[in-house]
Amino acid sequence: MSSQHDAWTAGHSYEHYMGRWSRVIAWRFLEWLDPPERRDWLEIGCGTGALTATILAKCDPASILATDQSDDFVRHAADTMHDERVRFETAEARALPVGDASVDIVTSGLVLNFIPDKPAALQEMRRVLRPGGLVAFYVWDYPGGGMGFIDAFWRAAAACDPAAASLDEGKRFPFCTAEGLKGLCEEAGLADIAVTPLEVTTRFDDFNAFWRPFTLGAGPAPGYCRNLEEPQREALKHKLAEEVGTDGAIELPARAWAARGTIG
Ligand SMILES: C[S@@+](CC[C@H](N)C(=O)[O-])C[C@H]1O[C@@H](n2cnc3c(N)ncnc32)[C@H](O)[C@@H]1O
């Protein structure tokens, strides 16, 4: 389910808002996945390249084709990452730009909840995998309160504007649970399915460091924040300060669910 506020553009803004945390969770994900080396990877929804860079650093891939529907993000990732093993291309998850049975591992980080037809996306992943290939992905645990700083934002936003409640990712993405991921993998006919939680801490030096990424416009909550009139944005800032406090550093937990499975 997409929203007019999702705002997947502006790589630098995304990096301040989410990229720095998605790099940490990408590392945890690959530690858990422990994939074989020298494989051909395809990534869906690479954004600014948080997972792409981590695969390059940690997994010794033979190649990575990193794709995203956003031209802006693909350009940002290609401009900031120079490695002969990686190539970036604009592509929608439902139409991956490679032939049947052409890669060993298909992965995506923090993307699947934004794809309306998830079963079709899983079928497209299966199409491009070689026999025995691996599907592996992760999403934030939005419905389980697993994304502390975003949860705080939407609580404050709903207190100021009841209509904002429906934009909360916890409500938009009920699929982001252990059962949701496992069910999707089963429905896609994957074998050797495993699902696990991944946890990190998001730390902000003070309230200004906490607030600023929401004003930069990349992602659902920043997209909502940017579209407010100035007095409404100030009221939200005030409410959020009440919610998380303004006395020193702010530390909140962030949890994702990761899933993997293989095709026969
Ligand atoms: C939260 S960002 C995650 C980016 C990156 N993987 C990371 O871990 O930081 C979600 C990304 O998914 C992309 N995306 C959303 N829907 C998509 C779709 N249907 N096909 C391809 N990419 C999609 C967005 O453009 C955005 O870059």
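See the structure above.
Keep in mind it's a predicted model, so treat the numbers as computed, not measured. Numbers given for residues are sequential positions, taken from 1 along each chain in its written order. Reporting in this predicted model follows two pLDDT cut-offs: at least 70 for local features of residues, and 80 or more for side-chain atom pairs to be given and counted; totals over whole chains, interfaces and linings ignore these cut-offs and use all residues. Heavy atoms from the whole structure form the basis of all side-chain values; hydrogens and water molecules are not counted.

The next point concerns the site of the ligand. Put simply, a residue is near a molecule or strand once any heavy atom of it comes within 4 Å of that molecule or strand. Surrounding the ligand, one finds 19 residues, the nearest of these being Tyr14, Ser22, Gly45, Asp68 and Glu92. Whenever two N or O atoms come within 3.5 Å, that pair is a polar contact, provided that in protein one can donate a hydrogen and the other can accept it, and provided that, for residues adjacent in sequence, both atoms are side-chain atoms. At 2.8 Å from a nitrogen atom of the ligand is found a main-chain nitrogen or oxygen belonging to Gly45. Coverage of the ligand by the protein chains reaches 98% of its 590 Å² of free accessible surface. Residues belonging to the shell around the ligand are distributed by class as follows: 11 nonpolar, 6 polar and 2 charged. In short, Shrake-Rupley with a 1.4 Å probe defines the accessible areas, and a residue's cover is counted only from the protein chains shown. Each residue is assigned to one of three groups, with Ala, Val, Leu, Ile, Met, Phe, Trp, Tyr, Cys and Pro labelled nonpolar, Asp, Glu, Lys and Arg labelled charged, and all others, Gly among them, labelled polar.

Further remarks concern the packing of aromatic side chains. Classification of ring pairs uses Phe, Tyr and Trp, with its six-membered ring standing for Trp, and accepts pairs whose centres are within 6.5 Å; under 30 degrees between planes counts as stacked, over 60 as edge-to-face, and the remaining range as tilted. Evaluation of the coordinates by the stated rule reveals 16 aromatic pairs. Ring centres of Phe29 and Trp32 lie 6.3 Å apart, and the angle between their planes is 40 degrees; on these two criteria the pair is classed as tilted. One end of the pair, Phe29, and the other, Trp32, are both in helix α1 (residues 11-33), 3 residues apart, so they sit about a helical turn from each other. Burial status follows relative accessibility: with a 1.4 Å probe on protein chains alone, a residue under 20% of its type maximum counts as buried, one over 50% as exposed, and anything between as partly exposed. On the accessibility criterion, Phe29 (0% relative accessible area) is buried. For the ring pair Phe149 and Phe214, a centre distance of 6.1 Å and an interplane angle of 55 degrees mean the geometry is tilted. Linking Phe149 in helix α5 (residues 148-160) with Phe214 in the loop between α8 (207-211) and α9 (220-226), this pair joins segments that are 65 residues apart in sequence. Look at Phe149 and you get buried, because its relative accessible area is 2%. Secondary structure elements are defined from DSSP: runs of H or I of at least 4 residues count as helices, runs of E of at least 2 residues count as strands, and each element is numbered from the N terminus.

With that settled, consider the side chain of Glu169. Mapped onto the elements, Glu169 comes out in helix α6 (residues 169-172). Salt bridges are absent for the buried Glu169, whose nearest opposite-charge side chain, Arg172, sits at 5.4 Å. Excluding its chain neighbours within four sequence positions, the residues that come into contact with Glu169 are Tyr142, Ile150, Trp154 and Pro220. Charge counting follows a simple rule: Lys and Arg are positive, Asp and Glu are negative, and His as well as the terminal groups are ignored. By definition, a salt bridge exists where a carboxyl oxygen of Asp or Glu is found within 4 Å of a side-chain nitrogen of Lys or Arg. Here, residues are in contact when the closest pair of their heavy atoms is within 4.5 Å.

None of the figures reported here should be taken as evidence of function without further support.
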